[in-house]
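Structural characterization, general
These are the residues of each chain, in order.
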Amino acid sequence: MILELDCGNSFIKWRITAKSDAAVISVGVVDSDAALLEHLRNLPDTTFSDCRLVSVRSAEETARLVSVLTNAFSVTPVCAVPARELGGVVNGYDDFERLGLDRWLAFVGAYHLVKRACLVIDLGTAVTSDFVDAGGVHLGGFICPGMPLMRNQLRTHTRRIRYDDTEAERALVRLVPGRATAEAVERGCSLMLRGFALTQVEIARGYWGDDFAIFVTGGDAALVADVLPGARIVPDLVFVGLALACPLR
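Scoring rules and cut-offs
Residues numbered from 1 in each chain as written. Predicted model: local features only at pLDDT ≥ 70, side-chain atom pairs only at ≥ 80, totals over all residues. Heavy atoms only, no water. Helix = DSSP H or I, 4+ residues; strand = E, 2+ residues; numbered from the N terminus. Expected span 1.5 Å × (residues − 1). 1 Å grid on protein atoms, 1.4 Å probe; cavity = no way out; pocket = protein on both sides within 12 Å on 5 of 7 lines; lining within 4 Å. Points joined across faces, edges and corners; volume = space filled by probe spheres on them. Nonpolar A, V, L, I, M, F, W, Y, C, P; charged D, E, K, R; others polar. Pairing = 2+ DSSP bridges. Buried < 20%, exposed > 50% of the residue type's maximum accessible area, 1.4 Å probe, protein only. Phe/Tyr/Trp six-rings, centres within 6.5 Å; stacked < 30°, edge-to-face > 60°. Axes fitted to C-alpha atoms, helices over the stretch in contact; angles between N-to-C directions. Parallel < 35°, antiparallel > 145°, perpendicular 65-115°, else oblique. Left-handed = near helix turned anticlockwise from the far one by under 90°. Contact = heavy atoms within 4.5 Å.

A word on helix α6 (residues 181–208)
Note: α-helices contain 3.6 residues per turn, so residues at a spacing of three or four share the same orientation. Under the 1.5 Å per step criterion, the end-to-end length of α6 is 41 Å for 28 residues, consistent within 8% with the ideal 40 Å. Positive phi shows up at Gly 209, right after α6, with a value of about 65°.

Next up, the structure:
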């Protein structure tokens, strides 16, 4: 079996898949290296012989995690690295090494699944969008704050905005004008993300008419799913690209 890791700025997403057919056996999200080790050690009857990962953390943080995994499970993790081209996709950044690896692998994975023009929207701590044409050329994309960043900025810089996560969750049941601070903030931020998503679709239509696929991924994908009919919601899109970047024999 294979341990796959997506090490983001806020969380580590992990899953274990079968080496023979890539069937997903176990998945999880943790907020620290220590929590990852605890979860993996407590898995019942689950072992893995290989590990591959993508990280947007610093080189030092990534090396530390690799060392911990090597010592704890006697595996040698294979790490994704920047590339000018992968899976038929050409990196569109002038300096290809500056493109976030998780973002890169997500739209490489999307193109691999459809082999046609695609728009990829990833809603995490930050929100990103990327455009890949039918020939696999990355045309670029956009980055803006995601729900966690928008929420935290308002809480940090506005003294009277104070509410907990339970209130935030309740606030998003409906998107009518808020009659409490939590409702106003959460619904306002959600509407901003929905507007962003719709704008990306209009840009894509300017390139390709209606001949393109839409992929939505990331922890807050559900916030925009209903305004993007026909979009493919693929939570593990990064892992599709990771398998291409780090093939295992």
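Right, picking up where we left off after that structure.
Brief notes about unusual backbone geometry
Positive phi outside glycine occurs at Ala 22, with the angle close to 65°. By the secondary structure assignment, Ala 22 is in the loop between β2 (12–17) and β3 (24–30). A positive phi angle, near 50°, is found at Lys 115, a position not held by glycine. Within the element layout of this structure, Lys 115 appears in the loop between α3 (101–114) and β8 (118–123).

Some thoughts on the layout of surface pockets
One water molecule sets the probe size; rolling that probe over the atoms shows where empty space is left. Within this model, the largest pocket holds a volume of roughly 850 Å³. In terms of lining, the largest pocket is formed by 33 residues, of which the most central are Lys 13, Leu 123, Gly 124, Thr 125 and Ala 126. Breaking the lining of the largest pocket down by element, the ones donating at least two residues are α3, β8, β9 (126–132) and α4 (147–157). Examining the composition of the lining of the largest pocket, we find that 4 residues originate from one element, α4, more than from any other. When grouped by side-chain class, the residues that make up the lining of the largest pocket number 14 nonpolar, 10 polar and 9 charged.

Structural notes on the sheet that holds strand β5 (residues 78–79)
Pairing in this open sheet of 5 strands is mixed, and the strands run β3-β2-β1-β4-β5 from one edge to the other. The two strands at the open ends of the sheet, each matched to only one other strand, are β3 and β5. As judged from the 6 bridges shared by strand β1 (residues 2–7) and β2, these two strands associate in the antiparallel manner. Bridged to Cys 7 within β2 is Ile 12.

A short note on the pairing of strand β11 (residues 213–217)
For β11, a buried count of 5 out of 5 residues is recorded, marking the element as mostly surrounded by other parts of the structure. What you see with β11 is no split at all: Ala 213, Phe 215 and Thr 217 on one side and Ile 214 and Val 216 on the other are buried throughout. Judged from the 2 bridges that link them, β11 and strand β12 (residues 232–233) form a sheet pairing that is parallel. Along β12, the bridge assignment pairs Val 216 with Ile 233.

Quick notes on the packing of aromatic side chains
Using the criterion set out here, one finds 7 aromatic pairs in the structure. A connected cluster of aromatic rings, assembled from ring pairs, spans Phe 131, Phe 142, Tyr 207, Trp 208 and Phe 212.

Focus: the packing of helix α1 (residues 33–41) against helix α2 (residues 59–73)
Running from N to C, α1 and α2 point in directions that differ by 25°, and their axes come no closer than 11 Å. Viewed along their axes, α1 and α2 adopt a mutual orientation that is roughly parallel. Crossing geometry of α1 relative to α2 is assigned as right-handed. Of the residues in α2, those touching α1 at Asp 33, Leu 36, Leu 37, Leu 40 and Arg 41 are Leu 65, Val 68, Leu 69, Ala 72 and Phe 73. In the contact of α1 with α2, the residues fall into 8 nonpolar, no polar and 2 charged.

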